[in-house]
Amino acid sequence: MKVLVIGGGAREHALCRSLSLDPDVTALHCAPGNAGIAEVAKLHAVDQLDGAAVTALATELGAELVVVGPEAPLVAGVADAVRAAGIPVFGPSREAALLEGSKAFAKDVMAGAGVPTARSYVCTTPEEIDEALDAFGAPYVVKDDGLAAGKGVVVTEDVEQARAHALSCDRVVIEEYLDGPEVSLFAITDGTTVLPLQPAQDFKRALDGDEGPNTGGMGAYSPLPWADPKLVEEVLETVLQPTVDELRRRGTPFSGLLYAGLAITSRGVRVIEFNARFGDPETQVVLARLKTPLAGVLLNSANGTLEDQAPLSWSDDAAVTVVIASHNYPDTPRTGDPIEGLDEVAEKDAPHAYVLHAGTKRGEDGAVLSAGGRVLSVTATGSDLAQARERAYAAVGRIRLDGSQHRTDIARKVAEA
């Protein structure tokens, strides 16, 4: 089948890499893509928020499946436009994508579905903000109601910082702090059947030891040897299936990738947030372990035939991803710096370690340049997390990008346990 992937980050590179390895994929296209994706897919320039433009491109290419990677096109209704043209699309409608596009909507759906989550208030005035901050106390959890590219959440002991963030948002959700480790669990769904993937854990803070500001994610690993073996089954029963059933009941069926961000608290599993697409950087480690060819699974979701899907097959290997970010990320990152060492990784570390591009582009001289805050996701597999981690950091050590930063402690605690 001919597949078109929309997006241009490391998540889309991971998706394109898996699709390029699928024998059923005869042609692979990506729009707009990046310098790394260009090695496995044909790139096309497109405004990824323009449903008509994406549909026109898919039609011109004869695409038999369109995979929408990022959240912004989904919330903009791009999947609806493609679907209306009769082309199978992996990704929820604009209405269903509100599950990520509005924290308040997500809370309302969870209440209707009986899904366990943090108590919260939706605030629109300074008075409501002060009341909510006072009601919950520190640590304060303040979330911009809308999309904020992974940077709309502030967790702080400082009430003034919490208040300042809340006042900078048009509408804000303030909620109780959830203790315990966090887990990301993805599920592929067609609006009825829900197929959970393997869990992963990501690292949101910019600096080692979970210090520094929140980012889009600085690394991830899978599997989670410390997690309850029944975790996936429990989350499917108490969170994923009830949410999909509730959205269908409301007349806004959710088809695509449902991402549950979970806290394993002392009182049980609680949902921190939902996303309407594959998470970055967790996708990089989850897809590194998936043995089942990807295209057919995504097509079954798009066509509403997921009940016919055979059980997914997983590698016993572990996977670790380390994000290399540009100078001054997550504030105002510097771009346009040359990246060296990519060929070295391909020569010396493949197939166990490889580089997925996030924010990159080709310069006029053909050199790969940084073009975003998160620049690369260095991903490695191994027989256990210690080996995967060792391989990932060996590959990171070969890459040269002036002023770049990365965490040195991704998966360290669990690998040493």
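Computed from a predicted structure; not experimentally measured. (Residues numbered from 1 in each chain as written. Predicted model: local features only at pLDDT ≥ 70, side-chain atom pairs only at ≥ 80, totals over all residues. Heavy atoms only, no water.)

*Asks:* How should I be thinking about the overall build of the protein chain in this particular structure?
*Replies:* Tallying secondary structure elements over the protein chain gives 14 helices and 24 strands in all. Counting only C-alpha atoms, the protein chain reaches 55 × 45 × 40 Å along its principal axes. Burial statistics for the protein chain: of 417 residues in total, 57% are counted as buried. Sequence separation of 24 or more characterises 68% of the internal contacts of the protein chain that already satisfy a separation of 6 or more. A total of about 16,700 Å² of accessible surface is found on the protein chain, and carbon and sulfur atoms cover 48% of it. The distance from the centre of the 36 positive side-chain charges to the centre of the 60 negative ones in the protein chain is 2 Å. (Helix = DSSP H or I, 4+ residues; strand = E, 2+ residues; numbered from the N terminus. Buried < 20%, exposed > 50% of the residue type's maximum accessible area, 1.4 Å probe, protein only. Contact = heavy atoms within 4.5 Å. Areas by Shrake-Rupley, 256 points an atom, 1.4 Å probe, with all protein chains shown as cover. Lys, Arg positive; Asp, Glu negative; His and termini not counted. Charge placed at Lys NZ, Arg CZ, Asp CG, Glu CD.)

*Asks:* Quick question: what am I supposed to make of the sheet that holds strand 23 (residues 374–382) here?
*Replies:* The strands that make up a sheet pair up through hydrogen bonds in the backbone, lying either parallel or antiparallel. With antiparallel pairing, 5 strands are arranged side by side in an open sheet as 12-15-18-23-20. A strand with exactly one partner marks an edge of an open sheet, and here the two such strands are strand 12 (201–202) and strand 20 (353–357). In terms of strand pairing, strand 12 meets strand 15 (residues 219–222) through 2 bridges, oriented antiparallel. Bridge pairing links Gln201 to Tyr221 in strand 15. (Pairing = 2+ DSSP bridges.)

*Asks:* Just to check I follow, could you spell out the packing of aromatic side chains for this structure?
*Replies:* Note on aromatic pairs: each is described by the distance of the centres and the angle between the planes. The full count for this structure, using the stated rule, is 5 aromatic pairs. Aromatic side chains Phe90 and Phe278 sit 6.1 Å apart centroid to centroid with 35 degrees between the ring planes, which places their arrangement in the tilted category. Highlighted residues: Phe90 in strand 5 (residues 89–90) and Phe278 in the loop between strand 17 (268–275) and helix 10 (282–289), separated in sequence by 188 residues. Exposure remark for Phe90: the relative accessible area of 2% places this residue in the buried category. Taken together, a centroid distance of 5.4 Å and an interplanar angle of 40 degrees make the contact between Tyr121 and Phe136 tilted. Taken as a pair, Tyr121 in strand 6 (residues 120–123) and Phe136 in helix 7 (residues 126–136) lie far apart in primary sequence, 15 residues in all. Looking at Arg17, its charged tip hangs above the ring of Tyr354, at a distance of 3.6 Å from the centre. In this arrangement the basic side chain of Arg277 is found over the ring face of Tyr259, its NZ or CZ atom lying 6.0 Å from the centre. (Phe/Tyr/Trp six-rings, centres within 6.5 Å; stacked < 30°, edge-to-face > 60°. Lys NZ or Arg CZ within 6 Å of the ring centre and 35° of its normal.)

*Asks:* In this structure, what is going on with the pattern of salt bridges? I would like to understand it.
*Replies:* Two side chains of opposite charge can pair, provided their charged atoms sit close to one another. What the rule picks out here adds up to 26 salt bridges. With a shortest N-O distance of 3.7 Å, Glu176 and Arg119 are connected by a salt bridge. With Glu176 in the loop between strand 9 (172–175) and strand 10 (182–189) and Arg119 in the loop between helix 6 (103–113) and strand 6, this residue pair connects regions lying 57 residues apart in the sequence. Two residues, Lys143 and Glu175, come together in a salt bridge whose shortest N-O distance is 3.0 Å. Taken as a pair, Lys143 in strand 7 (residues 140–144) and Glu175 in strand 9 lie far apart in primary sequence, 32 residues in all. (Salt bridge = Lys/Arg side-chain N within 4 Å of Asp/Glu carboxyl O.)

*Asks:* Is there a simple way to think about the sheet that holds strand 17 in this case?
*Replies:* Here we have 4 strands laid out as an open sheet, ordered 11-10-16-17, and antiparallel in their pairing. Two strands bound the open sheet, and with one partner strand each, they are strand 11 (194–196) and strand 17. Along the sheet, successive strands turn relative to each other by an average axial angle of 35 degrees, direction set aside. Summarising the sheet, strand 10 and strand 16 (residues 256–265) pair through 8 bridges and their orientation is antiparallel. Within strand 16, the position partnered with Leu185 by the bridge is Ala260. (Axes fitted to C-alpha atoms, helices over the stretch in contact; angles between N-to-C directions.)

*Asks:* In this structure, what is going on with unusual backbone geometry? I would like to understand it.
*Replies:* With the exception of glycine, the majority of residues adopt a negative phi angle, and the majority of peptide bonds are in the trans configuration. For the peptide bond that leads from Ala31 to Pro32, omega is 0 degrees, which places it in the cis range. Position of Pro32 relative to the elements: it lies in strand 2 (residues 27–32). The backbone of Asp210 sits at a positive phi, close to 55 degrees, despite the residue not being glycine. Take Asp210: it is sitting in the loop between strand 13 (205–207) and strand 14 (211–214). Its identity as a non-glycine residue notwithstanding, Asn328 has a phi of 75 degrees, on the positive side. The exposure class of Asn328 is partly exposed, given its relative accessible area of 36%.

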